[in-house]
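Commentary on secondary and tertiary structure
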Amino acid sequence: MTNLNKRIFTSLIVFPVSMFFIIKGGNYIVSFLYAILILANFEAFSAFKRKTSIIFLDSILVVSLLSILHLRNDTTSSLILLLWVIILTISSDIGGYIFGKIFKWKRLTNISPNKTLSGVIGSLIFSIFSILLLGLICKILFQIDLSFFLKFKYFIFAIILSLSAQLGDLMVSYFKRLDKIKDTGKILPGHGGIFDRIDSLMFSTIVANILYYLKLFP
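My aim in this report is to walk through the structure given alongside it, one point at a time.

Conventions we followed
- Residues numbered from 1 in each chain as written.
- Predicted model: local features only at pLDDT ≥ 70, side-chain atom pairs only at ≥ 80, totals over all residues.
- Heavy atoms only, no water.
- Helix = DSSP H or I, 4+ residues; strand = E, 2+ residues; numbered from the N terminus.
- Rg over C-alpha atoms; globule rule 2.2 N^0.38 Å.
- Buried < 20%, exposed > 50% of the residue type's maximum accessible area, 1.4 Å probe, protein only.
- Contact = heavy atoms within 4.5 Å.
- Areas by Shrake-Rupley, 256 points an atom, 1.4 Å probe, with all protein chains shown as cover.
- Lys, Arg positive; Asp, Glu negative; His and termini not counted.
- Charge placed at Lys NZ, Arg CZ, Asp CG, Glu CD.
- Expected span 1.5 Å × (residues − 1).
- Arc of directions from axis to C-beta.
- Core = buried A, V, L, I, M, F, W, Y, C linked by side-chain atoms within 4.5 Å.
- Phe/Tyr/Trp six-rings, centres within 6.5 Å; stacked < 30°, edge-to-face > 60°.
- Salt bridge = Lys/Arg side-chain N within 4 Å of Asp/Glu carboxyl O.

All right, on to the overall build of the protein chain then. Helices and strands together make up the secondary structure of the protein chain, namely 7 helices and 0 strands. The secondary structure elements of the protein chain, listed N-terminal to C-terminal, are α-α-α-α-α-α-α. Taking 17 Å as the expected radius of gyration for a compact globule of 218 residues, we find that the protein chain reaches 17 Å, a close match to that expectation. The principal-axis extent of the C-alpha atoms belonging to the protein chain is close to 50 × 40 × 35 Å. In the protein chain, which comprises 218 residues, the proportion classed as buried is 46%. Counting only contacts in the protein chain whose residues sit at least 6 apart along the sequence, the fraction spanning at least 24 positions is 70%. As displayed, the protein chain has an accessible area near 11800 Å², and 70% of this comes from carbon and sulfur atoms. Once the 22 positive and 10 negative side-chain charges of the protein chain are each reduced to a mean point, those two points are 5 Å apart.

In structure tokens form, the structure reads like this:
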């Protein structure tokens, strides 16, 4: 099985499982987040040698998990925002991967050799399309009309959240590069470890929580 096939197979399992715990809420989401915290901490202390790397990544992890919990439990609007952040982050990752493979433009940075300018553009485009996916999901779950999300500010939010997700990816890559490691773990075939999978989501959920706190969403 190729690495791409492993990534797809793992995602087909991880995504619905994650959505199950998030939608169920209550003790389900708390237990799920605790499990992520424990596994990610085990990875951090096993993979990274620098104390500054461990402290920084662990701090971002804790803040992001608390952001997820707050967005899940506060209001229906915050739950919708959380669902969007997850969909958008996945869309951004897929867009970056596809565009990066097809349009092999200039390398973005030496921190992550596989990151290209074409990948950044692909991530932004797919993130904008995530608004339509959010609208469809909200129509099914909350009977909210799709046109509600077709406002200019949501397209701006999509760009902001996509850029924050890409920044998170680069930030974790930077710390991995410092310690000369490729993956933080092997628990997720095709992806690596927990940090390899949620690096983008950590930053985007924190930014989303800030947008919600500032009452910019919905």
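Taking 1.5 Å as the rise per residue, helix α7 (residues 194-213) with 20 residues should run 28 Å; its terminal C-alpha atoms sit 27 Å apart, in good agreement. With its phi angle positive at about 60°, K215 sits one or two positions after the end of α7.

Our next topic: helix α2 (residues 26-47). Counted at 1.5 Å a residue, the expected span for α2 with its 22 residues is 32 Å, and the 32 Å between its end C-alpha atoms agrees. Here α2 has its buried residues at I29, F32, L33, I36, A40, N41, E43, A44 and A47. One side of α2 carries all its buried residues, which in axial view fall inside an arc of 165°. When the buried face of α2 is taken as reference, the exposed residues oriented beyond 90 degrees from it are N27, Y34, I38, F42 and F45.

With omega at 10°, the peptide bond leading from F217 into P218 counts as cis. Looking at where P218 falls in the secondary structure, it is placed in the segment after α7. Positioned with a positive phi, K180 is a non-glycine residue whose angle comes to about 55°. Secondary-structure assignment places K180 in the loop between α6 (152-178) and α7. Under the relative-accessibility criterion, K180 is labelled exposed at 78%.

Membership of the largest hydrophobic core comes to 47 residues, with the highest contact counts inside it found for L81, W84 and M202. Looking at this core, the elements that each hand over two or more residues are α1 (3-24), α2, α3 (51-73), α4 (76-102), α5 (117-141), α6 and α7. Broken down by element, the residue count for this core peaks at 10 residues, all from α7. If near-sequence neighbours (up to four positions away) are discounted, L81 is found in contact with L71, A208, Y212 and F217.

Going through the model one piece at a time under the given rule, you end up with 15 aromatic pairs. Each ring, one from F21 and one from F32, has its centre 4.9 Å from the other, and the planes form 5°; the classification is stacked. Of this pair, F21 sits in helix α1 while F32 sits in helix α2; the two residues are 11 residues apart in sequence, bridging distant segments of the chain. You can call F21 partly exposed: its relative accessible area is 22%. By relative accessible area, F32 is classed as buried at 19%. Seen from their ring centres, F99 and F103 are 5.4 Å apart, and the 55° between their planes marks the pair as tilted.

Tallied over the entire structure, the rule returns 5 salt bridges. A salt bridge links R197 to D93; its shortest N-O distance comes to 3.4 Å. Pair noted here: R197 is in helix α7 and D93 is in helix α4, with a separation of 104 residues, a long-range link. Overall, the relative accessible area of 22% leaves R197 in the partly exposed class. The exposure class of D93 is partly exposed, given its relative accessible area of 26%. Notably, a salt bridge pairs D169 with K115, separated by 3.1 Å at the nearest N-O pair.

All quantities given are derived from atomic positions and should not be read as evidence of function.
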